[in-house]
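# Descriptive analysis of the structure
Spelled out from the first residue to the last, the chains are:
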Amino acid sequence: MLRETVRALAEAKIAPYAAAVDEEARFPQEALDALTAADLHAVHVPEEYGGAGADALATVIVIEEVARVCASSSLIPAVNKLGSLPVILSGSEDLKKKYLGPLAKGDGMFSYCLSEPDAGSDAAGMKTRAVRDGDFWVLNGVKRWITNAGVSKYYTVMAVTDPTKRSKGISAFVVEKSDEGVSFGAPEKKLGIKGSPTREVYFDNVRIPADRIIGEEGTGFATAMKTLDHTRITIAAQALGIAQGALDYAKGYVQERKQFGKPIGDFQGVQFMLADMAMKLEAARQLTYSAAAKSERLDGDLTFFGAAAKCFASDVAMEITTDAVQLLGGYGYTRDYPVERMMRDAKITQIYEGTNQVQRIVMARNLP
Ligand SMILES: Cc1cc2nc3c(=O)[nH]c(=O)nc-3n(C[C@H](O)[C@H](O)[C@H](O)COP(=O)(O)OP(=O)(O)OC[C@H]3O[C@@H](n4cnc5c(N)ncnc54)[C@H](O)[C@@H]3O)c2cc1C
């Protein structure tokens, strides 16, 4: 029922704008409005904080169905979970009440600030500093590649509080867009997900109350990694949705397009491509749903499964979208058809929340 509801909303209120959002590289405001009106913009927020209380699998289904028509728009529910999960996992009760309520109501989105210009795969090499000053923390530094930066009202920021301890000297904080000293870089000019703003975030002597720390001092990196165990599954969901959109489009196209006097879908060479695409997609979906169940149950092998789902589903999405372009021939290579956008959008799922090389490192360290 949830899937049917989200699919209907996505088809009616998000899909019509997907091509323009990509072409104009603009924020999908229509999608944010539609998702917020239907209470689907941050479905993971627990009911006790005013949210819809969707479990991990339901959240995956929402993201999957939005991504099926517009990958950029699927980053609204996905990054709201990514940004706020540190608060849910490790924040004080006061912090949860203060920030999860407005997020659930649609009064502000949440972004997640881990990466820096010189700290990507090696995130623990970050330089952003937070120094205690009485009842305040003072933040200085630069975060890079921050999804929805500038649009979001709230930011979970990982910063070094003890430079002698590397990952154990990192703490997490909630910073608000309106805090003095917060500013943003120009939007990055990207290959895909062009509707999702990606910008640098600058912290110039940003003074925040001490109670904005998420959890104990020194636990921020552990919280950031624990968060990714859960949210890599939402990137897998995004990959599934993009791939499903491309497969659905190609499936319809091969029935219509005629060459050699018959629909190209009558050729076994084309049928075998579609069979492979559907097979890989279903395998990725089963792995992702199984990882979502593990996320919900907090199973001990979640780290392996979260990385495996993200890595496998994103590799599969890249293959399926590339094959969809192939099945449309020259037409697939043009922006008159949606599959080239889907192919460009799929690429990012192999890169963010840890590249697929990093996922393999994570899997190798956590073999089941
Ligand atoms: C559009 C977009 C949105 C993003 N959104 C966010 C966000 O909201 N918040 C956030 O914090 N970050 C975000 N990121 C950052 C993203 O997570 C990083 O780009 C990613 O982790 C890779 O870091 P890097 O770009 O510095 O690449 P690098 O770490 O420099 O990697 C370059 C290459 O080297 C490889 N490599 C590096 N180390 C190893 C190793 N040990 N073994 C094998 N290969 C290795 C990588 O796999 C990659 O192929 C976003 C990025 C993009 C492009």
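Residues numbered from 1 in each chain as written. Predicted model: local features only at pLDDT ≥ 70, side-chain atom pairs only at ≥ 80, totals over all residues. Heavy atoms only, no water.

It is worth spelling out the overall build of the protein at this point. Looking only at helices and strands, the protein features eleven helices and ten strands. Dimensions of the protein, computed from the C-alpha atoms along their principal axes, are close to 80 × 40 × 40 Å. If you take every contact in the protein between residues at least 6 apart in sequence, the share linking residues at least 24 apart comes to 75%. For the protein, the exposed surface amounts to about 15,600 Å²; the carbon and sulfur share of it is 53%. (Helix = DSSP H or I, 4+ residues; strand = E, 2+ residues; numbered from the N terminus. Contact = heavy atoms within 4.5 Å. Areas by Shrake-Rupley, 256 points an atom, 1.4 Å probe, with all protein chains shown as cover.)

Accessible area lost upon the coming together of the parts is a frequently used measure of interface size. Each assigned domain of the protein is listed here: domain 1 (2–105), domain 2 (110–217) and domain 3 (221–365). Here domain 1 and domain 3 have C-alpha centroids that lie 20 Å from each other. The partner domain 3 presents 29 residues to the 26 residues of domain 1 that form the contact. Together, the buried faces of domain 1 and domain 3 total about 2,200 Å²; carbon and sulfur atoms form 62% of this surface. Taken together, domain 1 and domain 3 are joined by four salt bridges. Connecting domain 1 to domain 3 are eleven residue pairs in polar contact (both at pLDDT 80 or more). Looking at the side of domain 1 that touches domain 3, the elements with two or more residues in it are α1 (2–24), α3 (56–69) and α4 (71–90). A total of ten residues in the side of domain 1 that touches domain 3 trace back to one element, the largest contributor, which is α4. Here the residues of the side of domain 1 that touches domain 3 sort into 17 nonpolar, two polar and seven charged. (Domains from an automatic or database assignment. Buried area = accessible area lost by both parts, 1.4 Å probe. Salt bridge = Lys/Arg side-chain N within 4 Å of Asp/Glu carboxyl O. Polar contact = N/O pair within 3.5 Å; in protein donor to acceptor, adjacent residues only side chain to side chain. Nonpolar A, V, L, I, M, F, W, Y, C, P; charged D, E, K, R; others polar.)

Our next topic: the site of the ligand. Close contacts around the ligand come from 18 residues, with Ser115, Ser121, Trp145, Thr355 and Gln357 the closest. A distance of 2.8 Å separates a nitrogen atom of the ligand from a polar backbone atom of Tyr112. Contact distances for the ligand include 2.8 Å between a nitrogen atom and a side-chain N or O atom of Thr147. Protein contacts shield 65% of the accessible area of the ligand, which totals 980 Å² for the unbound molecule. More than half of the atoms of the ligand fall within 2 Å of the grid points belonging to the largest pocket. Mapped by element, the contributors of at least two residues to the shell around the ligand are β3 (136–147) and α11 (356–365). Per-element tally for the shell around the ligand: the top contributor is β3, with three residues. Split into classes, the residues belonging to the shell around the ligand amount to nine nonpolar, seven polar and two charged. (Near = heavy atom within 4 Å. 1 Å grid on protein atoms, 1.4 Å probe; cavity = no way out; pocket = protein on both sides within 12 Å on 5 of 7 lines; lining within 4 Å. Sits in = over half its atoms within 2 Å of the grid points.)

This part covers α11. Those residues of α11 that fall on the buried side of the exposure criterion are Asn356, Val358, Gln359, Val362 and Met363. Projected down its long axis, α11 shows its buried positions confined to an angular sector of 150 degrees, all on one face. Projecting away from the buried face of α11 at angles above 90 degrees are the exposed residues Gln357, Ala364 and Arg365. (Buried < 20%, exposed > 50% of the residue type's maximum accessible area, 1.4 Å probe, protein only. Arc of directions from axis to C-beta.)

Time to look at empty space enclosed by the protein. If you walk through the whole model with that rule in mind, you get one cavity of 30 Å³ or more. There is about 50 Å³ of room inside the largest cavity. Around the largest cavity, the lining residues are Ala18, Val21, Asp22, Cys70, Ala71, Ser72, Ile193, Lys194, Gly195, Arg341 and Asp345. Of all the secondary structure elements, the ones that give two or more residues to the lining of the largest cavity are α1, α4 and α10 (339–348). (Points joined across faces, edges and corners; volume = space filled by probe spheres on them.)

This paragraph deals with the layout of surface pockets. Of the pockets and cavities examined, the largest pocket occupies roughly 1,100 Å³. Lining the largest pocket are 41 residues, with Ser115, Gly120, Tyr352, Glu353 and Gly354 sitting closest to its centre. Looking at the lining of the largest pocket, the elements that each hand over two or more residues are α4, β3, α6 (220–256), α10 and α11. When residues of the lining of the largest pocket are assigned to their parent elements, the largest contribution, six residues, is made by α6. For the lining of the largest pocket, a count of residues per class yields 21 nonpolar, ten polar and ten charged. Lining the second largest pocket are 15 residues, and of these His44, Ala54, Leu85, Ile88 and Glu296 sit closest to its centre. Elements with a minimum of two residues in the lining of the second largest pocket: α3, α4 and α7 (268–297). In terms of residue count, α4 provides more of the lining of the second largest pocket than any other element does, four residues in total. When residues are assigned to domains, the lining of the second largest pocket turns out to be shared by domain 1 (2–105) and domain 3 (221–365), each giving three or more.

Neither face of strand β1 (residues 110–113) is left uncovered, since the one carrying Phe110 and Tyr112 and the one carrying Ser111 and Cys113 both have all their residues buried. Note that β1 and strand β4 (residues 154–160) share four bridges and pair parallel. Paired with Tyr112 across the strands is Thr156, a residue of β4. (Pairing = 2+ DSSP bridges.)

This next bit is on the pairing of strand β7 (residues 198–209). Strand residues, when the strand is regular, have side chains that alternate between the two faces of the sheet. As judged from the nine bridges shared by β3 and β7, these two strands associate in the antiparallel manner. Directly across from Thr147, in β7, lies its bridge partner Thr198. Sheet topology note: the strand β6 (residues 182–184)/β7 ladder contains three bridges and is antiparallel. In the sheet register, Phe184 faces β7, and the bridge partner there is Val201.

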